[in-house]
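# Survey of secondary and tertiary structure
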Amino acid sequence: MLIVLPQLIVGGIATGMLYALIALSMTVVYRATTIVNFGHGDLVMAGAYAIFVFTAGLALPFLPALLLAAGLLFLLGFGLHRLLMQPIMSGPHLSLAMMALAAGNVLRGAARLEWGNETLALARPYAQTSFLLGQTVFTMDDIVTTGAVLLLLLALFCVLHLTPAGKIIQAVFQSQRGAALVGINVNAFHGVMWGTGAALGAIGGALLALTVTLSPDIGVWTLLRAFAAMTLGGFGSLGGAVIGGILLGVMEKLLGFYVSTAFIDITAYVVTILVLLVRPQGLFGRPAARRI
Amino acid sequence: MASEAAPRRARRRFLLLPALLLALPPFLDQYQQYVVNLVLVYIPVGVGFNLVVGNLGQLAFSNVAFFGIGAYTSGILMLKLGLPWWATLPPAGIMGALAGGAASVPALRGVRSFYLAVMTLAFGELMRWSYIRLESLTGGSMGMAVPSADVFGWALATEWRKFYVFLALAAATVIATDRLLRSRIGRAFMAIKDNETAAAAMGIATSGYFVLGFAWSGFVVGIGGAMFAVLVGHLSPDSFDLIELILQFAIIMVGGLASLTGSVLGAVVITATPQIFANFPGFQELIFGLLIVLVILFLPRGLASLLARLHPVFRDQYYDG
Amino acid sequence: MTAEAAPLLDLAEVTVRFGGLKAVDAVSFAVAAGEVCALIGPNGAGKTTLFNAVTGNAAIAAGRIRFRGEDIQNLAPHEIAARGIRRTFQNGGLFGELTALENVLCGLHATIASGVAGVVLGAKRARAVERAATERARRLLDLMEIRHLEDRPARELSGGQQRMVEIVRALATDPPLLLLDEPAVGLAPPVRAQLGALIRRLAKETGLGILLIEHAIELVMNVSDRVVVLNYGAKIADAPPAAVRADRAVLEAYLGHG
């Protein structure tokens, strides 16, 4: 039984990288605006369909299609924020959550109207081979997913820590009011972060469509797993989202193999519920101070 | 004193409206009658949901779970134990209430807002997974056929007959919830929504009212689930997915949050219209999504706020008088 | 008859900690029935924290709080409220969506003996107690001459009106002790004077004990029988207003903070 452990971990990390990327893209929006975007999964889905249209419909090569889709989703995210979220920013959380959820529903409904419920396949731009390292199989899917997410994480890290823009973003993450005081246009900043989150999500959607499946419901499926990853790593922490995603991916594989495959589907739900009940600050966060 | 008694009398008059509905069946064909019955199912569902979201102010997405638990409780008790449908109503309500009590636990532990939403969303999906996995009870993903129903031996063989029973149940839940909201209990819900610290400073035991609010909501929605089971005659896990959640949200948001009138109005508008488009996959999601977006932007207090301008009877009031 | 001799509210060596910081540091004082006791001090001196300790909203690390001879420091806020300590809030604690009347009815919550079953089934008794409470709430609004506001949602009322409704709500159950957290904030001078007169009248005519946090110093001097001064969480003075005004330590505390 233990002999398959490395194999499970490799597969778990690859899936986990996907969760990590999507959780990270949600965390970017959450940190910037303190809003949990309940429609984010559907942006991921929309990104995946955009790539499908660009590659299968317009016959573009994969990488340009990916860039185009990310750009398109940036605009979509930015537009959603400007048109729907910004007018109600000061409103109750319920309105914010419902607005995002409803906007996501519109996207999902549109996708279903156009493509129906059947699952589509996104043609892989690479050969579907695998390599054997000792006893462990590395599929090309695993390598591409892990590699792509790692590259993105590296790029993001560099942007955040080495560029002036990154310093500003970090400053705003620390204090919204402070940002407004030093003359940052908070609305524009929020819009750009919604766009960035959506663009990152689109890349996640592309990887998901490549290696798992493409259907109108992948957004919801992803959303719940991204929530679990964020909860596990501590809501609002960028690094926590990544680690939480990877942990969730590995946990799914381990539970699926050693307990029952039935549990793969619910690992995320159980994790979310248990962590929020027992340790709301996540595995790595410190408890927030209570205020009256 | 005369002026104080007036709203009460006006409310009584308002209750004549369902009585007028009694004469409705002869004018409707089979399908229209089904749609009317579906509206009646969604009245308790909306009323219960609105209590938690609108009155108690909690961002809980667990309503579809209460609905499914009520529906499956009723279906399973009929199919496996051979209970008559009417006898499954109390257990369906009680199971819903227990689920409600369970859903209030995170709120008691201080989980609020987005976190509560995420958590209750996971709870709903967990329940849907259970319907699929508990195959011996629920029939798994293929679903279960619900036996034909009767009320004390009177078979609910036609949509007409269901209509009269459903009307009575829907009216009962509305009246009971109305009484609840017009008492110190309803005021406690509103106080907790607005400011928990101030509510406690009034001597309101906030924890107890969290449990009570969720449990009452679960009870009422569970009854709605049992009605749903006999109306559609077939339960499958797909009936309790996220599209259903959006439909239920559309009911309370379009109708009007924290408004009993709104719940009823929302059930009518949201349940009746999209049936026309039920055959186009995706259309419901699109319409409900758009409706919610528009309501939040342009009519944040829902259709009920328009009615309230017309007549004070539709205004929410949290005392008896 | 120790009950008569004992003060209404008795704080002994009360300490509240936030992490390593002592927000309230071994503070002792007492409030008697019919007495107006003001709690003053620079911003951050721990006044509201002390209020929160009395009402059960902040846990105390040491000391004891007694109300009518009974230890209350381990009770939940709603239990303390039900025993007769009521408060108003610094930034207005009215429930905005509820009307003035419904807000006052919330104040009466603990006195309305109706359960879920009675309410839902429309039992006579449940309805009778609700009606009696509504009548009492209306009478109280009448007494303060704000009955005409009863159907207005609280958030639509002016600042002064909100303050009055909040006081009516806090006093609805005839509590023995009232805690007022900066009641004069945002009020025009004439309204302030009315408020001061009301505070005096309530204490002297009904025997209500009042603990008052207030920055408007002239109001404090006019209405209080005794002034307790906090600085950095510790009590630095406890004397009649005139004596406090002359106290050097108090002066330094205020001037030191600019």
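Residues numbered from 1 in each chain as written. Chains lettered and ligands numbered in written order. Predicted model: local features only at pLDDT ≥ 70, side-chain atom pairs only at ≥ 80, totals over all residues.

### Focus: the overall build of chain C
As a reminder, the rule being used: Where helices and strands are cited, they refer to DSSP runs of H or I of at least four residues and of E of at least two residues respectively, numbered from the N terminus. Computation of the radius of gyration draws on C-alpha atoms, with the globule rule given as 2.2 Å multiplied by the number of residues to the power 0.38. We call a residue exposed when 12 or fewer other C-beta atoms sit within 10 Å of its C-beta, buried when the count reaches 20 or more, and partly exposed for counts in between; the C-beta positions come from the backbone. Residue pairs qualify as contacts under a 7 Å threshold applied to their C-beta atoms, which are placed from the backbone.
A tally of regular secondary structure across chain C gives eleven helices and ten strands. Here chain C has a C-alpha radius of gyration of 19 Å; the compact-globule value for 258 residues is 18 Å, and the two agree. Dimensions of chain C, computed from the C-alpha atoms along their principal axes, are close to 60 × 40 × 40 Å. Out of the 258 residues in chain C, the part that is buried amounts to 45%. For chain C, the share of sequence-separated contacts (at least 6 apart) that also reach a separation of at least 24 residues comes to 67%.

### Looking at the overall build of chain B
The helix and strand inventory of chain B stands at 15 helices and four strands. Over its C-alpha atoms chain B spans a radius of gyration of 19 Å, differing by no more than 12% from the 20 Å that the globule rule assigns to 321 residues. Out of the 321 residues in chain B, the part that is buried amounts to 57%. Sequence separation of at least 24 residues holds for 79% of the intrachain contacts in chain B that already meet a minimum separation of 6.

### Points about the interface of chain B and chain A
What counts here: Think of it as three bins: nonpolar holds Ala, Val, Leu, Ile, Met, Phe, Trp, Tyr, Cys and Pro, charged holds Asp, Glu, Lys and Arg, and polar takes everything else, Gly as well.
Of the residues lining the interface, 37 residues belong to chain B; the matching set on chain A comes to 36 residues. Looking at the side of chain B that touches chain A, the elements with two or more residues in it are α6 (113-133), α12 (242-255) and α14 (283-298) of chain B. For the side of chain B that touches chain A, the class distribution of residues is 29 nonpolar, four polar and four charged.

### Some points on helix α4 (residues 93-115) of chain A
Residue and element names in this part refer to chain A. Which entries qualify depends on this criterion: Residue count minus one, scaled by 1.5 Å, sets the expected span of a helix.
Helix length check: α4 (23 residues) gives 33 Å between terminal C-alpha atoms against 33 Å at 1.5 Å per residue, within 8%. Burial analysis of α4 places 18 of its 23 residues in the buried class, which makes it a mostly covered element. Gly116, located one to two residues past α4, shows a positive phi value of around 70°.

### Digging into the domain arrangement of chain C
All names here are of chain C. Heads up, the condition is: Boundary definitions for the domains trace back to an automatic or database domain assignment.
By domain assignment, chain C separates into domain 1 (2-94 + 173-256) and domain 2 (96-156). Taking only C-alpha atoms into account, the centre of domain 1 sits 28 Å from that of domain 2. Tallying the contact residues gives four residues for domain 1 and seven residues for domain 2. Residue composition of the side of domain 1 that touches domain 2, by class: three nonpolar, one polar and no charged.

### Some thoughts on the sheet that holds strand β2 (residues 21-31) of chain C
All names here are of chain C. The test is simple: Strand pairing is assigned whenever DSSP identifies at least 2 bridges connecting the two strands.
The four strands are arranged β2-β1-β4-β5 in an open sheet whose pairing can be described as antiparallel. Single-partner strands in this sheet number two, and they are β2 and β5 (70-71). Here seven bridges tie strand β1 (residues 9-18) to β2, and the two strands are oriented antiparallel to one another. Along β2, the bridge assignment pairs Leu11 with Phe29.

### Looking at unusual backbone geometry
A negative phi angle is the norm for most residues apart from glycine, just as the trans form is the norm for most peptide bonds. If you check the backbone angles, Phe152(B) has positive phi at about 50° while not being a glycine. Turning to its location among the elements, Phe152(B) is positioned in the loop between β2 (150-151) and β3 (154-155).

### Considerations on the pairing of strand β2 (residues 136-139) of chain A
Residues and elements named next belong to chain A. Here strand β1 (residues 130-133) pairs with β2 via four bridges, running antiparallel. Within β2, the residue paired with Phe131 across the bridge is Phe138. Linking β1 to β2, which pair antiparallel, is a turn of two residues; within it Gly134 sits at a positive phi near 65°.

### Some points on the sheet that holds strand β3 (residues 36-40) of chain C
Residue and element names in this part refer to chain C. In plain terms, the rule: For every element, the axis is a line fit to its C-alpha atoms; helices are fit only across the contacting stretch, and the angle between N-to-C directions ranges from 0 to 180 degrees.
With mixed pairing, six strands are arranged side by side in an open sheet as β6-β7-β8-β3-β9-β10. Of all the strands in the sheet, the pair left with one neighbour each is β6 (85-87) and β10 (234-239). On average, adjacent strands in this sheet sit at an angle of 20° to one another, irrespective of strand direction. By the bridge criterion, five bridges tie strand β7 (residues 177-181) to strand β8 (residues 209-213) in an arrangement that is parallel. For Leu179, the partnering residue across the bridge sits in β8 and is Leu211. Packing against the sheet, helix α2 (residues 47-54) makes contact with β3, β6, β7, β8 and β9 (226-231), and its axis sits at approximately 150° to β7.

### Regarding the environment of Glu70(C)
Looking at the secondary structure, you find Glu70(C) in strand β5. In this structure the C-alpha to C-alpha distance between Glu70(C) and Asp247(C), which are 177 residues apart in sequence, comes to 33 Å.

### Some details on helix α6 (residues 124-143) of chain C
All names here are of chain C. Defined as follows: Each C-beta atom gives one direction from the helix axis, and the arc is the one those directions make.
The end-to-end C-alpha separation of α6 is 28 Å, in line with the 28 Å expected for 20 residues at 1.5 Å each. For α6, the complete set of buried residues consists of Ala126, Val129, Glu130, Ala133, Thr134, Ala137, Leu140 and Leu141. The buried residues of α6 occupy an angular sector of 140° when projected down its axis, which confines them to one face. Pointing more than 90 degrees away from the buried face of α6 are the exposed residues Lys124, Arg125, Ala128, Glu135, Arg139 and Leu143. Elements that come into contact with the buried residues of α6 comprise α4 (100-107), α5 (116-120) and α7 (159-171). Following α6 by one or two positions, Glu145 has its phi on the positive side, about 60°.

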